[in-house]
Structures are given as structure tokens and as C-alpha cells.
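Results of the structural survey
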Amino acid sequence: MADAARYNVEHGADIVDINMGCPAKKVCNVAAGSALMKNESLVAQILSAVVKAVNVPVTLKIRTGWDADNRNGARIARIAQDCGIQALAVHGRTRACGFAEGTVEYDTIAAIKCAVSIPVIANGDIRTPAQAKQVLDYTGADAVMIGRAAQGRPWIFREIAHYLATGETLAEPSPLHVRDILLGHLHNLYALYGDYSGVRVAR
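Bear in mind that the values here come from a model prediction, so they are computed numbers and not experimental data.

Some words on the overall build of the protein
When helices and strands are tallied, the protein shows 8 helices and 5 strands. When its helices and strands are written in sequence order, the protein yields α-β-α-α-β-α-β-α-β-α-β-α-α. Along the first, second and third principal axes, the C-alpha set of the protein runs to 50 × 40 × 30 Å. Counting the 203 residues in the protein, one finds 40% classified as buried. Split by element, the accessible area of the protein, about 11,400 Å² in all, is 55% carbon and sulfur. Between the mean site of the 21 positive side-chain charges and the mean site of the 19 negative ones, the protein shows a separation of 5 Å.

Observations concerning the state of the cysteines
Working definition of a disulfide: a covalent bond connecting the sulfur atoms of two cysteines. Here the structure, examined in full by the defined rule, presents 0 disulfides. In this structure Cys-28 is a free cysteine whose sulfur lies 6.2 Å from that of Cys-22, the closest cysteine sulfur available.

Structural notes on the environment of Asp-69
Residue placement: Asp-69 occurs in the loop between strand 2 (58–65) and helix 4 (73–83). Residue class for Asp-69 comes out exposed when judged on its relative accessible area of 71%. As for Asp-69 and Thr-94, which are separated by 25 residues in sequence, their C-alpha atoms are 9.6 Å apart.

Quick word on the nonpolar core
Core analysis: the largest hydrophobic core is formed by 42 residues, its most contacted members being Met-20, Leu-47, Leu-60, Ile-62 and Leu-88. Those residues in contact with Leu-60 that lie beyond four places of it in its chain are Asp-17, Ile-18, Met-20, Leu-47, Ile-76, Ala-80, Ile-85, Ala-87, Leu-88 and Ala-89.

Let's talk about the pattern of salt bridges
One pass over the structure, following the stated rule, counts 11 salt bridges. The closest approach of N and O atoms between Glu-159 and Arg-153, which form a salt bridge, is 3.0 Å. The exposure class of Glu-159 is buried, given its relative accessible area of 7%. Residue Arg-153 is classed as partly exposed on the basis of its relative accessible area of 26%. We note a salt bridge from Asp-180 to Arg-179, for which the minimum N-O separation is 2.8 Å. Through salt bridges with shared partners, a single ionic network connects Arg-93, Asp-125, Arg-127 and Arg-148.

Some thoughts on the packing of helix 6 (residues 129–139) against helix 7 (residues 156–166)
For the pair helix 6 and helix 7, the least separation of the axes is 8 Å and the interaxial angle reads 60 degrees. Relative to helix 7, helix 6 is oriented oblique. For the crossing formed where helix 6 meets helix 7, the hand is right-handed. Counted together, Pro-129, Ala-130, Ala-132, Lys-133 and Leu-136 of helix 6 and Glu-159, Ile-160, Tyr-163 and Leu-164 of helix 7 form the full contact between these two elements. Each residue belonging to the contact of helix 6 with helix 7 can be placed in one class, and the counts come to 7 nonpolar, no polar and 2 charged.

Observations concerning the sheet that holds strand 2
In a beta sheet, neighbouring strands are held together by backbone hydrogen bonds and run either parallel or antiparallel to one another. With respect to topology, 5 strands assemble into an open sheet ordered 1-2-3-4-5, the strand pairing being parallel. What marks the edges here is a single partner per strand, and that holds for strand 1 (16–19) and strand 5 (143–145). Between one strand axis and the next, the sheet turns by 30 degrees as a mean value, whatever way the strands run. Two elements, strand 3 (residues 87–94) and strand 4 (residues 120–123), share 4 bridges in a ladder whose sense is parallel. Among the inter-strand pairings, Leu-88 is bridged to a residue of strand 4, identified as Val-120. In the packing of helix 6 onto the sheet, the strands contacted are strand 4 and strand 5, and the crossing angle to strand 5 comes to about 125 degrees.

Analysis parameters
Residues numbered from 1 in each chain as written. Predicted model: local features only at pLDDT ≥ 70, side-chain atom pairs only at ≥ 80, totals over all residues. Heavy atoms only, no water. Helix = DSSP H or I, 4+ residues; strand = E, 2+ residues; numbered from the N terminus. Buried < 20%, exposed > 50% of the residue type's maximum accessible area, 1.4 Å probe, protein only. Areas by Shrake-Rupley, 256 points an atom, 1.4 Å probe, with all protein chains shown as cover. Lys, Arg positive; Asp, Glu negative; His and termini not counted. Charge placed at Lys NZ, Arg CZ, Asp CG, Glu CD. Disulfide = S-S within 2.5 Å. Core = buried A, V, L, I, M, F, W, Y, C linked by side-chain atoms within 4.5 Å. Contact = heavy atoms within 4.5 Å. Salt bridge = Lys/Arg side-chain N within 4 Å of Asp/Glu carboxyl O. Axes fitted to C-alpha atoms, helices over the stretch in contact; angles between N-to-C directions. Parallel < 35°, antiparallel > 145°, perpendicular 65-115°, else oblique. Left-handed = near helix turned anticlockwise from the far one by under 90°. Nonpolar A, V, L, I, M, F, W, Y, C, P; charged D, E, K, R; others polar. Pairing = 2+ DSSP bridges.

And the structure:
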């Protein structure tokens, strides 16, 4: 992990984000992703090694715990802070919930926020600007992270920023604006992957 962090910073990375929140079986089956939350001493070793290896901010994403009986998110958060992690994103479900099962535990995110002084980013089932504000107000989090809600609606970030700043809801983007976003996305995919692979990735 430290070697990978150094490599990426040497190649231009401005930040290193460690993902201990992924619940995918193929990841957890090799003791990676959210499976790491089962081994708090290993978490500390990894975080310390990565923070010491680079001179850019290192951040971390976690879940609330492994399962309903093992919610150790607050302990992991304190370990992260002690190791020098600069910010913490918390997906408000346990690993056992997978990507979308169960209700997001905003209470647990609030408890994690109270446990540390580093910025905490709340994640999970935030689909509208109003929900973003409700989650920020309820949890005391410093920011929100949007995942699936941005798929097909990449303008959600602009909508949330506007709502938080003004309390007003932006009008839906026009069909022409949506077209321009789609075309820009396609051109970026083709530029990155080439014509052959770009078409398949876009599909």
C-alpha cells in the first residue's frame, strides 16, 4: 500500500484515498475493502505506512462496521485520526448490507463525527439536494458524498451546491444541456480509451 501510494504521488496524484468501504465479495474474500474493518491492528499498520510514505493528504472511506453486531466505525475513525488520516468518508451501512440493503445509519455517522475532529463525509442514499441538507444537519458531517445518484444525473452536484448556498431548487437542465453533457462524456471516453474500446465502455 505504501509503495502504491508513493508510485501514484510520483505520477501526479494530489491525494491518496484508501477504500476500506467496498463490500464486494471478490474484494472482501481477499481480506481487502470493508473486510479490513475486522482487523483493527492491520488497519492501523496500513494507514500509518501510507501516511508516512507520501507528502500529500491521505483520506479513508469506511463503513459503519462489519455487520449489525460489529459496528466499530467509531473505533476505526479514531485509529484513522491517530494515524494522520486527513478526512474520513463513512458509508452508513455495514459490510453485511452490501451496496444498498437496509436503512442508512445516519445515527452511526453522527456518532463517528462526534468521535473525531477530522472532517467527516456522509455517504449513503443521498439522492436530492434536500436530502443532502437533511443529512448534513442531522449528522453534523462536514460534507456529503454522492455515488449512485450521480449516475445519469451528473448535474446533481451543481444542484446540491446551489441548494445549500441559497435554499432554492434549480430548474432541470434543458435537453440541449443534457445533450452537451452526454457528448462531452462520449468524447472524453473516446479520447481516453480510443475509438474501439471507447465505444464499448460508453455502451
